[in-house]
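Below are the chains, spelled out letter by letter.
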Amino acid sequence: MPYDAPLSQITHTLSRIARLDELAATGAFPSFDPELVAPILEEANKLARDVLAPLNPIGHKSGAKLTDTGVVAAPGLSDAYRKFVEGGWMGLAFPERFGGQGLPKPLALAVFEMIHGANMAFGLCPLLSFGAIEAILAHGTDEQKETYLPRLISGEWTGAMNLTEPQAGSDVGALTTKAVPNGDGSYAITGQKIFITWGDHDMTPNIIQLVLARLPDAPAGSKGISLFVVPKFFVNADGSLGERNTFRCIGLEHKMGIHASPTCVMEYTHAKGWLVGEPNKGLAAMFTMMNSARLNVGLEGVAIGEAALQAAVAYAKERRQGSIPGEKGSVPIIRHPDVQRMLLTMAAHVQAARAICYACGAAADLAEHHPSEAIRRSAKAREDLLTPLAKGWSTDRAIDVTNLGVQIHGGMGFMGETAAAQYYLDARITPIYEGTNGIQAIDLASRKLATDGGAAMKAMIAEIRDNARELAGVNEPGFLHLSQSLDQAADALDAATDYMLAEMRTNRDKGLAAATAYLRLAGDVVGGHFLARSAYQAREAADSEAALILASYFAGDTLARAQGAVRALSEGAETVSAAAGALWFAG
Ligand SMILES: Cc1cc2nc3c(=O)[nH]c(=O)nc-3n(C[C@H](O)[C@H](O)[C@H](O)COP(=O)(O)OP(=O)(O)OC[C@H]3O[C@@H](n4cnc5c(N)ncnc54)[C@H](O)[C@@H]3O)c2cc1C
């Protein structure tokens with residue numbers, strides 16, 4: 001399964017969409033040197049291409065194993081993880097005072113895109129550590145920060161997130177795991193968690209669990225959950241490891257993909273943990289973990305889509321079938337227009353998703369670090385708006401893209417041993433975990449739109465219109481058409497936004513029935529905007545032709561459907577709403 005990072009697209013997206021120069025100008029990243037971007041990306045690609053990608057099919061075949069002493073990682077992964085730690089990759093965007101490198105978030109996203117593209121099952125381990133680090137950074141005590149952060153940020157230890165229970169999936173507030181005060185400031189945690197990614201393994205000497213549980217007097221539902229830090233091995237005052245805690249992995253799930261990522265059933269029996277943040281305020285801490293994880297899962301969608309595209313291009317160049325007029329003998333299938341259509345669809349959607357994810361990471365950095373409070377506030381609104389798009393749109397597209405990857409391989413794509421099949425199977429989880437994409441759509445329609453009366457979305461639409469205006473002024477073939485497509489798509493998104501705002505106010509069920517279609521439309525239009533922006537900025541650059549082809553193809557194939565999508569969204573919601581009491585399969 002060869003993987004070679006698309007360094008040119010990644011670099012351009014960092015400079016044109018994530019605007020690394022603007023992030024550097026905030027003064028918040030004193031260690032960031034633009035000259036280092038290329039060497040960092042090249043080094044990360046060596047890890048991805050040479051170390052992680054060759055282990056991907058091996059992990060798919062053998063998976064992780066549960067033994068009497070705990071979970072054993074798939075062959076080669078412990079060694080790969082050691083190289084990952086030695087490279088300092090975990091700490092790229094974390095604060096220097098805890099051993100991180102203090103670099104902009106989009107740069108870390110670029111590196112982790114490569115890691116996920118080469119081996120998504122492996123990438124999940126640091127992805128979960130990210131969530132744990134961000135929760136402790138935002139809500140932990142000074143002592144918790146000193147105890148856990150340096151070794152999580154170095155990668156010496158890993159973190160895991162324990163939210164889900166059999167009866168508490170999307171409805172996290174239904175969890176029943178208990179936390180009883182021990183009287184010494186610690187808590188005894190008892191309960192069962194399911195589906196815990198990298199909940200146990202043998203790659204590091206310690207694993208730091210972040211566990212949601214309920215205090216004895218907690219209010220019912222999500223207002224009564226609290227967050228605890230629960231280490232596998234206790235940490236002595238001198239930093240050495242002490243006794244083992246009383247939780248363990250009692251089972252591994254058998255899954256359709258990501259076999260090398262152990263998905264653990266975790267049993268906690270009076271395990272000792274410490275409260276992170278305020279009692280009963282675990283939901284806020286959970287959202288800190290989830291927001292980080294949502295963007296990173298969106299990034300997984302980009303990464304696996306890119307890997308599927310690379311496999312499809314390689315196969316389409318090699319496989320010969322059919323002929324074309326004027327040429328003797330069979331031709332590589334890449335010569336057929338329908339195959340070119342599929343490849344272009346894959347490439348355009350991957351690039352649009354990459355832009356959305358990197359833009360979301362840049363907004364997060366501006367929201368945290370910009371000296372102007374007004375810019376911090378508007379960047380936060382942009383980050384909040386883009387997060388459900390990054391997660392929901394990018395991962396839904398990953399399913400489409402990996403599906404096309406299988407299609408391009410023909411019958412071979414259906415054979416278990418091809419990379420295309422593994423990418424499709426691995427990608428399938430991404431719209432499900434970290435809040436299903438249905439939950440992302442509800443988040444967009446209710447929290448993100450309704451709470452600010454659509455202001456953040458309207459600001460986005462205004463920016464898209466400005467972009468269209470600028471494109472119209474370019475006196476080069478293709479740009480006027482791009483501008484018109486984008487302008488019409490902005491009108492469609494505006495109309496759909498008004499529809500959603502009205503329905504969420506007056507007929508919430510109708511709004512919720514339209515939410516997934518709205519998220520799709522929003523992702524299409526924002527993605528098309530970023531592609532067009534890149535084409536505009538690439539005019540004098542070596543990739544000008546490729547950038548314009550991607551933007552024009554996306555405009556013709558996807559933005560052209562935006563007007564119809566508004567009608568489909570409202571008519572679909574009307575029907576669901578009117579038929580809700582009479583659905584023949586609902587009885
Ligand atoms: C491989 C894997 C790894 C995972 N890793 C972790 C992990 O590390 N830590 C962790 O805590 N959890 C983890 N999870 C759990 C994951 O986050 C949940 O599976 C996910 O949140 C969905 O919950 P559920 O499976 O119970 O589905 P359900 O909540 O039962 O949802 C089923 C369907 O109903 C829909 N639905 C549910 N509620 C609503 C609603 N209110 N409105 C509209 N539609 C709704 C959903 O969108 C979905 O389509 C993992 C899961 C898997 C499969």
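Relevant structure appears above.
Thresholds applied
- Residues numbered from 1 in each chain as written.
- Predicted model: local features only at pLDDT ≥ 70, side-chain atom pairs only at ≥ 80, totals over all residues.
- Heavy atoms only, no water.
- Near = heavy atom within 4 Å.
- Polar contact = N/O pair within 3.5 Å; in protein donor to acceptor, adjacent residues only side chain to side chain.
- Areas by Shrake-Rupley, 256 points an atom, 1.4 Å probe, with all protein chains shown as cover.
- 1 Å grid on protein atoms, 1.4 Å probe; cavity = no way out; pocket = protein on both sides within 12 Å on 5 of 7 lines; lining within 4 Å.
- Sits in = over half its atoms within 2 Å of the grid points.
- Helix = DSSP H or I, 4+ residues; strand = E, 2+ residues; numbered from the N terminus.
- Nonpolar A, V, L, I, M, F, W, Y, C, P; charged D, E, K, R; others polar.
- Contact = heavy atoms within 4.5 Å.
- Phe/Tyr/Trp six-rings, centres within 6.5 Å; stacked < 30°, edge-to-face > 60°.
- Buried < 20%, exposed > 50% of the residue type's maximum accessible area, 1.4 Å probe, protein only.
- Lys NZ or Arg CZ within 6 Å of the ring centre and 35° of its normal.

**Regarding the site of the ligand**
Around the ligand sit 19 residues, and of these Thr164, Ser170, Phe195, Thr197 and Thr436 come closest. Within the side chain of Thr164, a nitrogen or oxygen atom sits 2.6 Å from a nitrogen atom of the ligand. Side-chain polar atom of Thr436 to an oxygen atom of the ligand: 2.7 Å apart, as the coordinates give it. Contact with the protein chains removes 62% of the 970 Å² of surface that the ligand exposes when unbound. Because more than half of its atoms lie within 2 Å of the grid, the ligand is assigned to the largest pocket. Of all the elements in the fold, those that place two or more residues in the shell around the ligand are strand E3 (158-162), strand E5 (187-197) and helix H12 (437-450). With three residues, E5 is the single largest residue contributor to the shell around the ligand. When the residues that make up the shell around the ligand are grouped by side-chain class, the tally is ten nonpolar, seven polar and two charged.

**Section: the side chain of Glu503**
Relative to the helices and strands, Glu503 is located in helix H14 (residues 479-506). Discounting chain neighbours no more than four positions away, the residues touching Glu503 are Arg508, Lys510 and Gly511.

**Thoughts on the packing of aromatic side chains**
Evaluated as defined, the whole model comprises ten aromatic pairs. Ring centres of Tyr81 and Phe84 lie 5.4 Å apart, and the angle between their planes is 40 degrees; this geometry places the pair in the tilted category. Placement of both Tyr81 and Phe84 in helix H4 (residues 77-86) is noted, with a separation of three residues, approximately one turn of the helix. Look at Phe84 and you get buried, because its relative accessible area is 0%. Through a chain of ring-to-ring contacts, the aromatic side chains of Tyr81, Phe84, Phe94, Phe112, Phe122 and Phe130 assemble into a single cluster. When the ring centre of Phe247 is taken as reference, the NZ or CZ atom of Arg244 above it lies at 5.7 Å. In this arrangement the basic side chain of Arg539 is found over the ring face of Tyr536, its NZ or CZ atom lying 4.0 Å from the centre.

Everything listed here is a matter of geometry and, on its own, says nothing about what the molecule does.
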